[in-house]
Amino acid sequence: MRDTHQTIWLALMIGNSRLHWAHFTGETLIHAWDTDYLPADVIQQLSQSQTLKDLLLKIFPSNEATGKARHGNMEDFLKTLSSSPPSPPPLLVASVVPSQTALWQTYPNVRILTLDQVPIKGIYPTLGIDRALALWGAGNNWGFPVLVIDAGTALTFTAADANQHLVGGAILPGLGLQLATLAERTGQLPTVELPQQLPQRYALNTQEAMQSGVIYTLVAGIKDFIEAWWRDFPQGNVVMTGGDRTLLVNYLQSQFPEIVDSLNVEANLIFWGMRSAALLQR
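Here we summarise the structure given alongside this text. Each chain carries its own residue numbering, running from 1 in the direction its sequence is written. Predicted model: local features are reported for residues with pLDDT of at least 70 only, side-chain atom pairs are reported and counted for 80 or more only, and whole-chain, interface and lining totals are derived from all residues. Hydrogens are left out, water is left out, and the side-chain values use all remaining heavy atoms of the structure.

Glancing now at the side chain of Gln211. Secondary structure counts use DSSP, requiring at least four H or I residues in a row for a helix and at least two E residues in a row for a strand, with both numbered from the N terminus. Here Gln211 shows up in helix α7 (residues 206-232). Overall, Gln211 belongs to the buried group, its relative accessible area being 7%. Three labels apply to residues, based on accessible area from a 1.4 Å probe with only protein chains included: buried if under 20% of the type maximum, exposed if over 50%, partly exposed otherwise in between.

Pairing of aromatic rings covers Phe, Tyr and Trp, the last through its six-membered ring, and needs centres within 6.5 Å; plane angles under 30 degrees mean stacked, over 60 mean edge-to-face, and all others mean tilted. Using the criterion set out here, one finds seven aromatic pairs in the structure. Seen in terms of ring centroids, Trp142 and Trp272 are 5.9 Å apart; in terms of plane orientation they differ by 35°. Their pairing is tilted. Remark: Trp272 occurs in helix α10 (residues 269-280) and Trp142 occurs in helix α5 (residues 129-142); sequence separation between them is 130 residues. The class of Trp272 is buried, set by a relative accessible area of 16%.

Our next topic: the packing of helix α6 (residues 175-184) against α7. Only C-alpha atoms enter the line fits that serve as axes; for helices the fit covers just the stretch in contact. Angles between N-to-C directions range over 0 to 180 degrees. Contact pair α6 / α7: the axes reach a minimum separation of 10 Å and the direction vectors enclose 145°. Crossing of α6 over α7 shows right-handed handedness. Each of Leu175, Gln178, Leu179 and Leu182 in α6 lies in contact with α7, whose residues at this interface are Met210, Gln211, Val214, Ile215 and Leu218. Three categories are distinguished: nonpolar for Ala, Val, Leu, Ile, Met, Phe, Trp, Tyr, Cys and Pro, charged for Asp, Glu, Lys and Arg, and polar for the others, with Gly belonging to the last. Classifying every residue of the contact of α6 with α7 gives seven nonpolar, two polar and no charged. In this scheme the crossing of two helices becomes right-handed for a clockwise turn of the near helix relative to the far one and left-handed for an anticlockwise turn of less than a right angle. Two residues form a contact once any of their heavy atoms are found within 4.5 Å.

Mapped onto the fold, Val118 is located in the loop between β6 (110-112) and α5. Considering only alpha carbons, one finds Val118 and Ala132, 14 residues apart in sequence, at a separation of 6.8 Å.

Structurally, Thr241 can be placed in strand β10 (residues 237-241). In terms of polar contacts, Thr241 uses its side chain to reach the backbone carbonyl oxygen of Ala267, at 3.4 Å. When near neighbours in sequence (up to four residues on either side) are disregarded, Thr241 contacts Val148, Ile149, Asp150, Ala151, Glu266, Ala267, Asn268 and Leu269. Polar contacts here mean pairs of N or O atoms no more than 3.5 Å apart (in protein, one a potential hydrogen donor and the other a potential acceptor; neighbouring residues in sequence count only if both atoms are side-chain atoms).

Quick look at the pairing of strand β8 (residues 154-160) now. Burial within β8 is extensive, with six of its seven residues counted as buried. Sheet topology note: the strand β7 (residues 146-151)/β8 ladder contains six bridges and is antiparallel. The residue bridging Ala151 from the neighbouring strand is Leu155, located in β8. Turn length for the β7-β8 hairpin, with the two strands adjacent in sequence and antiparallel, is two residues. If DSSP finds at least two bridges between two strands, the strands pair. Where β8 folds back on strand β9 (residues 166-173), the antiparallel hairpin that results is connected by five residues, among which Gln164 adopts a positive phi of roughly 60°.

Put simply, Phe144 and Pro145 share a cis peptide bond, and its omega is 0°. With respect to the helices and strands, the residue Pro145 is situated in the loop between α5 and β7. Despite not being glycine, Asn109 shows a phi value in the positive range, around 60°. Tracing the backbone through its elements, the reader meets Asn109 in the loop between α4 (98-104) and β6. Within the chain, Gln164 stands out as a residue other than glycine whose phi angle is a positive 60°. Locating Gln164 in the fold gives a position in the loop between β8 and β9.

One speaks of a salt bridge when a side-chain nitrogen belonging to Lys or Arg is within 4 Å of a carboxyl oxygen belonging to Asp or Glu. Counting across every chain of the model gives two salt bridges. Residues Asp34 and Arg18 are paired through a salt bridge, measuring 3.3 Å at the closest nitrogen-oxygen approach. Within this pair, whereas Asp34 is found in strand β3 (residues 28-35), its partner Arg18 is found in the loop between β1 (8-14) and β2 (19-25), the two being separated by 16 residues in sequence. Put simply, Glu227 and Lys223 hold a salt bridge, and the shortest N to O gap is 2.9 Å. Of this pair, Glu227 and Lys223 both sit in helix α7, separated by four residues, roughly a single helical turn.

Bridge count for β8 against β9 is seven bridges, and the pairing is antiparallel. Each bridged residue has a counterpart across the sheet, and for Thr158 the counterpart in β9 is Gly169.

Before going further, it helps to spend a moment on the sheet that holds β7. The mixed open sheet is built from five strands, whose spatial order is β9-β8-β7-β10-β11. Each of the sheet's edge strands pairs with one partner strand only, and the pair in question is β9 and β11 (264-265). Bridging between β10 and β11 involves two bridges; their strand directions are parallel. Considered in β11, the bridge of Val239 is made with Asn264.

All we've got here are geometric facts, nothing functional implied.
See the structure below:
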């Protein structure tokens, strides 16, 4: 990948259920958004795009209809791309889905970021690169020691000490996955959506009972992990990221406002980690 110091480039984190994108100019994050996985033929077409605008219009054939912006407004963003590079911009890819990674290797000027390029010490070989990058991004922004709580398909805890050495972490099913599993693996439990606010603890119907069971136990578990972290690292930072971060912060605020007061929340930790790793590899 070309020097990213002054150029436009894209970052792509291939997650378990979605693609997470970012557009950078040099070290500045301009825009971030999410999409579903793209078909192989669309990925092949991307390599033929002549400008950044052409490329993004292939990813977003109907603007926000196929993607969800996380940083700014996608329609306004596309309007700003009146001039862009004469060829597809450099693409930095990190992935937890090997089959998807292979599809993107046909893209020109692509670099696949691997776990050994994330400068956290003591990383074990099967650590998810998404966890490592989020941890590196959080530590670079708030400082080490730091605990990252990533509220995605899986809920993960990942921590590093003041020497940037991996302390360890934990993985459990996320909010949506727990509810979906109850519906899919039982005979009569229904499909249930997540409420925006903390539900009543003692429910009087099945749907709310499922919400209560999953949410209250998950929130209590998060509180326990954070308190254990602060016992071991009294000055340690805690950062929450991931697609369910806003819901979990709302739930925590209702139950444990003192936890939320000391919690940092940031959607783009992985991209901060990717940016830093890209700069280190220049």
